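# Understanding the architecture of this molecule
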Amino acid sequence: MIEFSALQIREEPDGSFSRHLVRRTTNELPPGDVLIRVAFSALNYKDGLSASGHKGITRQFPHTPGIDAAGLVVESAVPEFVPGQRVLVTSFDLGMNTSGAFAEYIRVPAGWVVPLPDGLTLAESMILGTGGLTAALALWKLERNGLLPEHGPVLVTGASGGVGSVAVALLHQAGYRVVASSGKPAAHDMLRRLGADEIVDRAAVDDQTGKALLPVRWAAAVDTVGGNTLSTAIKACRPEGSVAVIGLVADNKFTTTVYPFLIRGVNVLGIETGTTEIGLRRELWQRLATTWRLPDLDSLVTYTDLTHLSDYIDLILKGETQGRVVLRLASGE
């Protein structure tokens, strides 16, 4: 039995939710094949929702959020993983209804665990995290649907956020011209460093004319916003282009006509990494460590610790974070 620190979310008698730093033991963790000492985690919007008591994310409290983890195997019930091995876990049920990575230890099924690919450190894997995996899946699906750099620019909405910023850098690394949409002027320098060729205000991707189709402006799009931004991205997409749908920070609904699909043949690609098959996960992580490896991951990251994590949870819920927020839990390197 090992004692460790964790962030715990509690439901109070009045229905409110509170956050506490607590001491736990590994005996309190759920059953699983692999016990991992977490070196780094990462903050995602879903973690912020869980930390706020969102019952659509987490049903039972008290609970420890954290859907991303990278660290060292401590105990393993399967031969594939051995003590001391560097591994990472992203999504599945981690941090949702399974005790998550805002803690120094997690225990999970072997089917959730990915060996850390050569070419990435534990810290780098969490700078990428679920956001990086999501951006990689979006690019993988866009290219499977025929996207090539010579087709024209690719729009990224919500470009200063965790997924958007990685998408900008990843598309640039893969040879695409990138149009980054952001409502945060203070993020423009970061976006240029990541490889954005053009930066537009989010109002430029929020068409209010009500037209069924708009002049073609991009070959494809990665949308993290939803709502009318998604509608605009679809209506201004090139014939046979694709829009990868990732987020809903503006709205979980959007309105458009069938004309972009019937007249231009635009494809809408749903991106869902929570249950992405483990073989594809490993392939995408291998690409992120090799052909899609980003050269300056540190430009994406702000580091924090358990003591200050709650402040960043508040910021991500307000949409005020830039890039990725990574939680240091142990040296692990």
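The preceding data block contains the structure.
Attention here is on the structure that accompanies the text.

## Brief notes about the sheet that holds strand 11 (residues 218-223)
Sheet architecture is open: 6 strands sit in the order 10-9-8-11-12-13, paired in parallel fashion. The open sheet has two edge strands with one neighbour each: strand 10 (198-200) and strand 13 (267-270). Neighbour-to-neighbour, the strand axes of the sheet open up by a mean angle of 20°, direction not taken into account. Relative to strand 12 (residues 237-245), strand 11 is paired through 5 bridges, and the arrangement is parallel. Following the sheet pairing, Ala 221 is matched in strand 12 by Val 243. With respect to the sheet, helix 3 (residues 162-173) is in contact with strand 8 (154-156), strand 9 (178-181) and strand 11, its orientation differing from that of strand 8 by roughly 160°. Packing against the sheet, helix 5 (residues 227-235) makes contact with strand 8, strand 11, strand 12 and strand 13, and its axis sits at approximately 150° to strand 12.

## Topic: helix 8 (residues 309-317)
Inspection of helix 8 places Leu 309, Ile 313 and Ile 316 among the buried residues, and these make up the whole buried set. Taken around the axis of helix 8, the buried residues stretch over an arc of 70°, which confines them to a single face. If you follow the buried residues of helix 8, they end up packed against strand 1 (3-11), strand 2 (17-25), strand 3 (34-43), helix 1 (45-51), strand 14 (301-304) and strand 15 (324-328). Positive backbone phi, approximately 75°, marks Gly 319, located one or two places after helix 8.

## Re the pairing of strand 3
In terms of burial, strand 3 is a largely internal element, 9 of the 10 residues being buried. As paired elements, strand 3 and strand 4 (residues 68-76) share 7 bridges and run antiparallel to each other. Looking at the pairing, Ile 36 lines up with Val 73 of strand 4. Pairing of strand 3 with strand 6 (residues 105-108), which is carried by 4 bridges, proceeds in the antiparallel orientation. Of the residues in strand 6, the one forming a bridge with Ile 36 is Ile 106. For strand 3 and strand 15, the ladder comprises 4 bridges, and the chain directions are antiparallel. Paired with Phe 40 across the two strands is Arg 328, which belongs to strand 15.

## Observations concerning the environment of Leu 137
Structurally, the position occupied by Leu 137 is in helix 2 (residues 122-144). In this structure the C-alpha to C-alpha distance between Leu 137 and Leu 317, which are 180 residues apart in sequence, comes to 24 Å. If sequence neighbours within four positions are ignored, Leu 137 has contacts with Ile 271, Glu 272, Thr 273, Thr 276, Leu 280 and Leu 284.

Scoring rules and cut-offs
- Along each chain, residue indices are assigned from 1 in the same order as the chain's sequence is written.
- pLDDT decides what is reported in this predicted model: residues at 70 or higher carry local features, side-chain atom pairs at 80 or more are listed and counted, and totals for whole chains, interfaces and linings draw on all residues regardless.
- Only hydrogens and water are removed before side-chain values are computed, so all heavy atoms of the structure are retained for them.
- Two strands qualify as a pair provided DSSP detects at least 2 bridges between them.
- Here a helix means four or more residues in a row that DSSP labels H or I, a strand means two or more in a row labelled E, and each is numbered from the N terminus.
- Convention adopted: a line fitted to C-alpha atoms gives each axis, helices being fitted over their contacting stretch, and angles between N-to-C directions are expressed from 0 to 180 degrees.
- Residue contacts are defined here by distance: any two heavy atoms, one from each residue, within 4.5 Å place the two residues in contact.
- Burial classes: relative accessible area under 20% of the type maximum marks a residue as buried, over 50% as exposed, and values in between as partly exposed (1.4 Å probe, protein chains only).
- Relevant arc is that of directions from the helix axis to the C-beta atoms, nothing else.

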